[in-house]
Amino acid sequence: SVSNVAPYEPDSKRWKQITDAVTYHLAKDMVPVHTVKQSGFQKLLKVIDKKYQLPSHKYFSETALPALYDDCRERVADELSRVQFFASTADLWSSQNAEPYVSLTVHYIGPDWSLRSRCLQTLHLAIENSVKGNKRIDHAIGVCKKLASTFSCSWKKRKALSVAQAELHLPQHQLITETPTHWGSRQEMIQRVLEQEKAIAQVLAADRKTRHLVLSWQDTDVLQSLTKSLSPLMAFTDVLSGENYVSVSYVKPVLHLLNNNILAVEEDDTQLAKSIKEKILSYLNLKYSSTDTQDLLDVASLIDPRFKTQYVSEDKLAAVKARVVTEVESLLQQDVRFAAGACNAETEPQGVPSKKLKTLGSLFKANPSGPSAPTLVSEKDKILLELNHYLLSPLADSESDPLIWWKAQQANFPRLCKLAQKYLCIPATSSASERVFSTCGSVVTCKQTRLKPDAVDRLVFLAKNI
């Protein structure tokens, strides 16, 4: 019948469902809008539903995507309007067409005590600082890069490497190329070169043109020193760079562990390894040495039930506790003012209120006789009692989620939980902003260099928030 072949009307429910799905696909998967003009995509939709007629790419860029952006923006704004405490990260980035962008992310704890983050608009400096300017290190890393490039550009070399690995009983692994935006890839490149050193030397020595790339003992010594010094930091860097769990309270424990264990100088360390460790520790300790930063980290670790006062020095403990009491008292006063404002907004009853009859209880209030009334405890004393009770309670498991702990214990510590919501949402690094740059790179590609800044802002916002 005609109804079975007639196309859907643009105001029909089915047409809107498919169009919304296509719009979501373009935004979430960061697909170029001109995808809707490609024959393969159009054929896919025809096979799915032959009665659906795909709108033009102009409709998606000028109508559908802006409408989705407005809807998502309104939802995020409504969600953030109910957030009392949040932390933010920001960073700068330039696209392929040299347009400058700044990313802004916010992080907060939701009503269900889950850690949430939103991108509103479009780290490892200590490690870079420790190896910067050292000619021996620069040379050794340069050789690693040439090795990775040599084997990645020659299928014969890769085949010969595979044969050498089998003969030497080494893992069948390919070399890794460094990615400048991810410092960990440099360490992975070095580790892979050291792992395959014998196989690499066997392949390169068989070719006069590549013999000069064989690692010298000096380069090997440098790479081994780098691996010994920097490898332990990879796990800590990954942990502190997360945004889906509490990380700020880890900073003081990690610094303590780095200073006293991981980066402590050992007797068998080479002079280069000692120098790298000392530079890293010097940079980190200086970076977190300011009074304001130390105060923030002290409170953050104290309010984490896994650590409490473990990493707060004895001479600062009294001051940190006093700061916690003062800050909690201030937060409670803010809540009272907010509640009072909400009450005043309600309509007051009209007319003269009727005279209230006295009750027997009111007579005892006016003329107390018998036992003296109990002394009222001030709010400050209640906070101090609650804090002491919290500090005396057992530590949570080191692998547990502190937000789950606070969700279960907020009835026992109703005042301190406010402080937990304020501090535990703070990210330890600005990695969240840098992850936005990865999204930007997927939006502003070599095929989409003419995107205007406001379009980039909308597309990145949608990709990160829908």
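The protein appears in an unreviewed UniProt entry as ZBED1 protein from Polyodon spathula.

(A) Here's a closer look at the packing of helix α4 (residues 57-81) against helix α20 (residues 453-465). Where α4 meets α20, the axes come as close as 10 Å, and the angle between the chain directions of the two elements is 55 degrees. As summarised for this structure, α4 and α20 are arranged oblique, according to the angle between their axes. Once α4 is placed against α20, the crossing between them reads as left-handed. Counted together, S61, L65, P66, L68, Y69, C72, R73, R75 and V76 of α4 and D457, R458, L459, F461, L462 and N465 of α20 form the full contact between these two elements. Each residue belonging to the contact of α4 with α20 can be placed in one class, and the counts come to 9 nonpolar, 2 polar and 4 charged.

(B) Looking closely at the confidence of the model for the protein. Mean pLDDT over the protein: 82, with 82% of residues reaching 70 or higher. Mean pLDDT in the protein bottoms out at helix α5 (residues 125-131), which sits at 55, and peaks at helix α17 (residues 402-409), which reaches 94.

(C) Up close: helix α9 (residues 197-205). Along α9, the positions that sit buried rather than exposed are A199, I200, V203 and L204. Down the axis of α9, the buried set is contained in an arc of 125 degrees. They therefore lie on one face.

(D) Structural detail: the side chain of S12. As for its placement among the helices and strands, S12 is situated in the loop between α1 (2-5) and α2 (13-28). Polar side-chain contacts of S12 include one of 2.7 Å to the backbone oxygen of E9.

(E) Representation of the packing of aromatic side chains within the structure. Counted by the stated rule, this structure contains 12 aromatic pairs. A centroid spacing of 5.8 Å and a plane angle of 80 degrees characterise the contact between Y59 and F60, whose relative ring orientation is edge-to-face. The exposure class assigned to Y59 is partly exposed, which follows from its relative accessible area of 29%. Owing to a relative accessible area of 0%, F60 belongs among the buried residues under this scheme. On the basis of an interplanar angle of 15 degrees and a centroid distance of 6.4 Å, the ring pair of W113 and W406 is categorised as stacked. Of the residues examined, W113 reaches a relative accessible area of 3% and is grouped as buried. An aromatic cluster of at least three residues, connected via ring pairs, comprises W113, Y390, W405, W406 and F413.

Parameters at a glance
Residues numbered from 1 in each chain as written. Predicted model: local features only at pLDDT ≥ 70, side-chain atom pairs only at ≥ 80, totals over all residues. Heavy atoms only, no water. Axes fitted to C-alpha atoms, helices over the stretch in contact; angles between N-to-C directions. Helix = DSSP H or I, 4+ residues; strand = E, 2+ residues; numbered from the N terminus. Parallel < 35°, antiparallel > 145°, perpendicular 65-115°, else oblique. Left-handed = near helix turned anticlockwise from the far one by under 90°. Contact = heavy atoms within 4.5 Å. Nonpolar A, V, L, I, M, F, W, Y, C, P; charged D, E, K, R; others polar. pLDDT = per-residue confidence, 0-100. Buried < 20%, exposed > 50% of the residue type's maximum accessible area, 1.4 Å probe, protein only. Arc of directions from axis to C-beta. Polar contact = N/O pair within 3.5 Å; in protein donor to acceptor, adjacent residues only side chain to side chain. Phe/Tyr/Trp six-rings, centres within 6.5 Å; stacked < 30°, edge-to-face > 60°.

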